[in-house]
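Chain by chain, the residues run as shown.
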Amino acid sequence: MGHDGDGVGGNAATIGARELGNVVCGGAGSVSEARIVSYASSPYEKEPEHELLWHLWTAAQRCLERAGIEKRDVNGLALTSFSYPPGNVVTLAEHFGMRLTWGEQGVFGGASGVVTVGRAVDAIRAGRARCVLCLAGDVFTVASHDSMLDSFTPAMGDYLAPHGFGGANGLFALVEQRHRALYGTTREQLGRVAVTQREHALLNPGALFQTPLTLEDYLAARPIAEPLRLFDCVMPCSGAEAVLVVHEDLAAATRRPPLELRAMREAHNAHPELLMSLPGGFEQYANELFADARLGRGDLDFVQLYDDYPIMVAVQLECSGFCEEGTSGAYLEATDLSIHGDLPLNTGGGQLSCGQSGAGGGMIGVVEAVQQLQHEAGARQVADARCGLVSGFGLVSYGKGLCTAGAILARAD
Amino acid sequence: MPVPDHAARFQEGGAEGRLLLQRCVSCAHVPGLPRIACPRCFGPLGWFEAPGTGRIVSCAILRRTHNEQFERHLPIVLALVRLDAGAELISTLVGPDRLEAAIGRPVDVAREDRWSTLVQFRLAD
Ligand SMILES: [Zn+2]
């Protein structure tokens, strides 16, 4: 982005420097800037009531409507969906009647939401597209999701499915058990993630889980893949998420609060020699991510961390530098993760309490971040939110998720 | 003639209860999962029958499975095993004492009570 200023410090100071930077380098010949201006979700369904294309259309339609953008103005499309193949981003464009100058298929599992939004920003900066709709969603039930995992990657089909391995639950049970053995992490500590996020979900009418969850409920729940119990596991469901990224000239016309992608980083197969790695890959770029954004961890107003399991939230807190390796248990105990707390976490309830709409689970954090930064989160609004972190994690394969991505979003006004 | 398939070779060994692993011809690295080439040096790999001994690095007890074919084997004990041959594998433990699985316990390839088409393990003494 090439603006100067002293960066890390109070948000207001940093954003002030940003505006100055725009004046200095905003003349002819400067790089086009991208703005995130809108978001939407389709209604989540526990049992499928609609087909996938309905969910994608509904999220897309609501997202465009919110920005006052016509479908014909969209010339870039990004899609992530596990249940749409053999369809892909181009067949979806045909289905929707969109003429594209740029397309992107999210192939990074739950990291795709963050990655495709990053790619969309790149495309707009490069002049390859002016108006990019980023979609992610699936139509799943618990059963259809688990069956899909039997052949999710070549290695899972060849070497895990013949063991009746319990899907992702089995693999992340191994991760949690290892973390507990190495660092003494307790179920009570991890439970704080599930319980706090449920409190947030109760303030989010879009979340599928609308009953309170206590720590006692969490600890006593039905065992699924021990040490994992019911409330450690996301519930696969149906739904879609949408985010709109546009050229700054178009952004002004939408009259929406403009947001900028301050930084985005990704890491895939970060630990080639480890079968199961407790560093999830986030540690590969965490410092660069904050340096690129010229923000410190303490500047963030919230974090939307990929939450397929509480243990992965704990791992990310360590790898992203919020606490030292192995200390996430104590950190979770000492930190208020609520919307009024020290580090508001997954402020819409996250996947754990909204449901995991397949690939939509990798975009739900981006959508929640955009909604918070545009100050439209209603009862769960984080006061005067100016910037936040979103992470993605996915393509679970033999022993680990292969993809991670992180993004820092901020108000651009 | 069928095209050689590196995954099938491992699976065929498993069907016979033998632990077939690969070793790099150039650098002697033993990748756990079968591959077409060495993930360290990109050289070719050869097969060998590995001793089936190792230790549990992590384990989990599956109380449910989405695949009804495996329901009669519940509870299924999933384990990440560090093999003495130098690689790690994810597998399942069999035998009546499998629920006593714990991190650090020694295991060996199972000859009895097997139900998977792949190599399974049992707790060793
Ligand atoms: Zn080699």
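Residues numbered from 1 in each chain as written. Chains lettered and ligands numbered in written order. Predicted model: local features only at pLDDT ≥ 70, side-chain atom pairs only at ≥ 80, totals over all residues. Heavy atoms only, no water.

Draft legend 1. Fine view of the overall build of chain B. Helix and strand counts for chain B stand at one helix and seven strands. Oriented by its inertia axes, the alpha-carbon framework of chain B measures out at about 40 × 35 × 25 Å. When burial is assessed residue by residue, chain B has 52% of its 125 residues classed as buried. Counting only contacts in chain B whose residues sit at least 6 apart along the sequence, the fraction spanning at least 24 positions is 50%. Only carbon and sulfur atoms are counted for the fraction: they give 49% of the accessible area of chain B, which is about 6,300 Å². When the 15 positive and 14 negative side-chain charges of chain B are each reduced to one mean point, those points stand 5 Å apart. (Helix = DSSP H or I, 4+ residues; strand = E, 2+ residues; numbered from the N terminus. Buried < 20%, exposed > 50% of the residue type's maximum accessible area, 1.4 Å probe, protein only. Contact = heavy atoms within 4.5 Å. Areas by Shrake-Rupley, 256 points an atom, 1.4 Å probe, with all protein chains shown as cover. Lys, Arg positive; Asp, Glu negative; His and termini not counted. Charge placed at Lys NZ, Arg CZ, Asp CG, Glu CD.)

Draft legend 2. Seen up close, the overall build of chain A. Looking only at helices and strands, chain A features 15 helices and 11 strands. Its C-alpha atoms give chain A a radius of gyration of 20 Å, near enough to 22 Å, the size a compact globule of 413 residues would have. Projected onto the principal axes, the alpha-carbon positions of chain A cover approximately 60 × 45 × 45 Å. Across the 413 residues that make up chain A, the buried fraction comes to 64%. Considering only contacts in chain A between residues 6 or more positions apart, those separated by 24 or more positions represent 76%. Roughly 14,400 Å² of accessible area belongs to chain A as shown, and the carbon and sulfur atoms make up 52% of that amount. (Rg over C-alpha atoms; globule rule 2.2 N^0.38 Å.)

Draft legend 3. Geometry of the coordination of the zinc ion. Residue and element names in this part refer to chain B. At the metal site, the zinc ion is ligated by C24 (SG), C27 (SG), C38 (SG) and C41 (SG), and these contacts range over 2.3 to 2.4 Å. Here the zinc ion binds four donor atoms, and the angle range of 95 to 119 degrees at the metal identifies the geometry as tetrahedral. Along the chain, the residues that donate to the zinc ion are spaced as C-x2-C-x10-C-x2-C. With a relative accessible area of 34%, C27 lands in the partly exposed category. (Donors = N, O, S within 2.8 Å, 3.2 Å for Na, K, Ca; no water. Tetrahedral: all angles 85-135°; square planar, octahedral: opposite > 155°, others 65-115°.)

Draft legend 4. Region of interest: the pairing of strand β4 (residues 131–139) of chain A. Residue and element names in this part refer to chain A. Across the nine residues that make up β4, a large majority, eight, are buried. Relative to β4, strand β2 (residues 76–80) is paired through five bridges, and the arrangement is parallel. Within β4, the position partnered with L77 by the bridge is L133. One ladder, built from nine bridges, connects β4 with strand β7 (residues 238–247); its direction is antiparallel. Looking at the pairing, L133 lines up with L244 of β7. (Pairing = 2+ DSSP bridges.)

Draft legend 5. A look at the interface of chain B and chain A. Across the boundary between the two partners, chain B contributes 35 residues, which contact 33 residues of chain A. Interface area, chain B with chain A, both sides summed: about 2,800 Å², of which 61% is carbon and sulfur. The three residues of chain B that bury the most area against chain A are R64, H66 and I90 of chain B, which together make up 25% of that side's buried surface. Summed over the shared surface of chain B and chain A, the number is three salt bridges. Across the salt bridge formed by R63 of chain B and E226 of chain A, the nearest N and O atoms sit 2.4 Å from each other. Remark: the boundary between chain B and chain A carries 14 residue pairs in polar contact (both at pLDDT 80 or more). (Buried area = accessible area lost by both parts, 1.4 Å probe. Salt bridge = Lys/Arg side-chain N within 4 Å of Asp/Glu carboxyl O. Polar contact = N/O pair within 3.5 Å; in protein donor to acceptor, adjacent residues only side chain to side chain.)

Draft legend 6. Representation of the domain arrangement of chain B within the structure. Residue and element names in this part refer to chain B. Its domain assignment divides chain B into domain 1 (8–49) and domain 2 (54–123). A separation of 21 Å is found between the C-alpha centroids of domain 1 and domain 2. Tallying the contact residues gives 14 residues for domain 1 and 12 residues for domain 2. Overall, the association of domain 1 and domain 2 removes approximately 940 Å² of surface from exposure, summing both partners, and the carbon and sulfur fraction of that is 71%. Between the two partners, domain 1 and domain 2, sit zero salt bridges. Our enumeration of links across domain 1 and domain 2 arrives at three residue pairs in polar contact (both at pLDDT 80 or more). Top contributing element to the side of domain 1 that touches domain 2 by residue count: helix α1 (residues 6–15), with four residues. (Domains from an automatic or database assignment.)

Draft legend 7. Highlighting the packing of aromatic side chains. Taken as a whole, this structure holds nine aromatic pairs over all chains when the rule is applied. Here the aromatic rings of F172 of chain A and Y309 of chain A are separated by 4.8 Å at their centres, their planes lie at 20 degrees, and the arrangement is stacked. Of this pair, F172 of chain A sits in helix α7 (residues 167–183) while Y309 of chain A sits in the loop between β9 (302–304) and α12 (310–319), placing them 137 residues apart in sequence. Here F172 of chain A matches Y309 of chain A in class, with each residue buried. Between F70 of chain B and W115 of chain B, the ring centres sit 5.6 Å apart and the planes meet at 55 degrees, which makes this aromatic pair tilted. With F70 of chain B in the loop between β3 (54–62) and β4 (76–83) and W115 of chain B in the loop between β6 (106–109) and β7 (121–123), this residue pair connects regions lying 45 residues apart in the sequence. Residue F70 of chain B is classed as buried on the basis of its relative accessible area of 4%. (Phe/Tyr/Trp six-rings, centres within 6.5 Å; stacked < 30°, edge-to-face > 60°.)

Draft legend 8. Region of interest: the side chain of T347 of chain A. Residue and element names in this part refer to chain A. Relative to the elements of secondary structure, T347 occurs in the loop between α13 (328–334) and α14 (350–354). Here T347 falls in the buried class, since its relative accessible area comes to 0%. Separated by 2.8 Å, the side chains of T347 and Q304 make a polar contact. Sequence-distant contacts of T347, that is, excluding residues within four places in its chain, are made with H200, F302, Q304, I339, E368, Q372, R380 and V382.

Draft legend 9. Structural view of the domain arrangement of chain A. Residues and elements named next belong to chain A. We note that the domain assignment places domain 1 (17–140 + 238–258) and domain 2 (142–235 + 263–411) within chain A. Here the C-alpha centre of domain 2 lies 23 Å away from the C-alpha centre of domain 1. On the domain 2 side, the residues contacting the 40 residues of domain 1 number 40 residues. Summing both sides of the interface, domain 1 and domain 2 together bury roughly 2,900 Å²; the carbon and sulfur share of this comes to 71%. Considering only the surface of domain 1 that becomes buried against domain 2, Y44, V114 and F140 emerge as the three largest contributors, covering 25% of it.

Draft legend 10. Up close: helix α8 (residues 187–201) of chain A. Residue and element names in this part refer to chain A. Relative to the 21 Å expected for 15 residues at 1.5 Å per residue, α8 spans 21 Å between its end C-alpha atoms, a close match to the ideal helical length. Here α8 lies mainly inside the structure; 12 of its 15 residues are buried. R187, Q189, L190, G191, V193, A194, V195, T196, Q197, R198, H200 and A201 are the residues of α8 that are buried. Considering only its buried residues, α8 is in contact with α7, α9 (215–220), β6 (228–229), α12, α13 and α14. (Expected span 1.5 Å × (residues − 1).)

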